[in-house]
Amino acid sequence: EAEPDAAQVTEVVGAVRWTSGDGEVADSLAIGALLSGGTLEVLGPESWCTLRFRDTSTVTLSCSGRLTISKLAQKELHLQVGALSAVVCPQPADRPMLIHTPEADLQVLGTAFRVEVGSSSTALRVSEGRVRVTRLADGSSAEVPSGHRAIASLDPRGTLQVVPRSAPTTEWRGRLPDGTIHGTWVPSAGGGGRLLATPLLLHRDG
């Protein structure tokens, strides 16, 4: 058989657990460790772990996620819960990256995307390229292009819809209460001023 496409740990934050295919459990992972054939868990909303494959494709598991890596030459992942962000290099047409969730199957040839598994649905957001998603409830499938999203649920009454993602907010205006104490106040000549907000970058999303 072909050599398994082992994933190398490149970043670990917080508590994680690795269970190998033969049942050995490790409650910590070192940078550079190779993982193939087992289950990775991030144990808390503030924890995450980034893996890199030999072709430099990367996946980041977060949001109390649980991910099983198949011991195959083809990249095949099972996301049971949590969130997975990925940047995938172009894959062979006959061996795409496969991601299975309780509600859907995803085929990835080369793209950047994020998939989140909730209690009864799988949400996919594509930033670059295309991802084919197949809903397990009825077998319906669709290609989700860059800048679009789709939600697959187990409810057979619903439909698999692909819709544009909302544009990110870059500017907003509002009247702030007099008691505002956090921010950078920039006074103006007329006696008023502006309160500048500072973005907070949450590493849990990679």
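The structure this text deals with has already been given above.
Everything quoted here is computed from the prediction, not taken from an experiment. (Residues numbered from 1 in each chain as written. Predicted model: local features only at pLDDT ≥ 70, side-chain atom pairs only at ≥ 80, totals over all residues. Heavy atoms only, no water.)

A. Summary view of the packing of aromatic side chains. Across all of its chains, the model carries 0 aromatic pairs by this definition. The lysine or arginine in question, Lys75, covers the ring of Phe53, its NZ or CZ lying 5.4 Å from the ring centre. (Phe/Tyr/Trp six-rings, centres within 6.5 Å; stacked < 30°, edge-to-face > 60°. Lys NZ or Arg CZ within 6 Å of the ring centre and 35° of its normal.)

B. Main features of the pairing of strand 12 (residues 121-128). Relative to strand 12, strand 11 (residues 111-117) runs antiparallel, the two sharing 6 bridges. Among the inter-strand pairings, Ala112 is bridged to a residue of strand 12, identified as Glu128. Here strand 11 folds back onto strand 12, and the loop between the two strands holds 3 residues. Bridging between strand 12 and strand 15 (residues 148-153) involves 6 bridges; their strand directions are antiparallel. Bridged to Ala123 within strand 15 is Ile151. (Pairing = 2+ DSSP bridges. Helix = DSSP H or I, 4+ residues; strand = E, 2+ residues; numbered from the N terminus.)

C. Layout of the pattern of salt bridges. Per the counting criterion, the structure on display carries 9 salt bridges. Between Arg17 and Asp27 there is a salt bridge whose closest N-O contact spans 3.2 Å. One end of the pair, Arg17, is in strand 2 (residues 16-20); the other, Asp27, is in the loop between strand 3 (25-26) and strand 4 (34-35), with 10 residues separating them in the sequence. When the shortest N-O distance is used, the salt bridge between Glu116 and Arg114 registers 2.8 Å. On the accessibility criterion, Arg114 (10% relative accessible area) is buried. (Salt bridge = Lys/Arg side-chain N within 4 Å of Asp/Glu carboxyl O. Buried < 20%, exposed > 50% of the residue type's maximum accessible area, 1.4 Å probe, protein only.)

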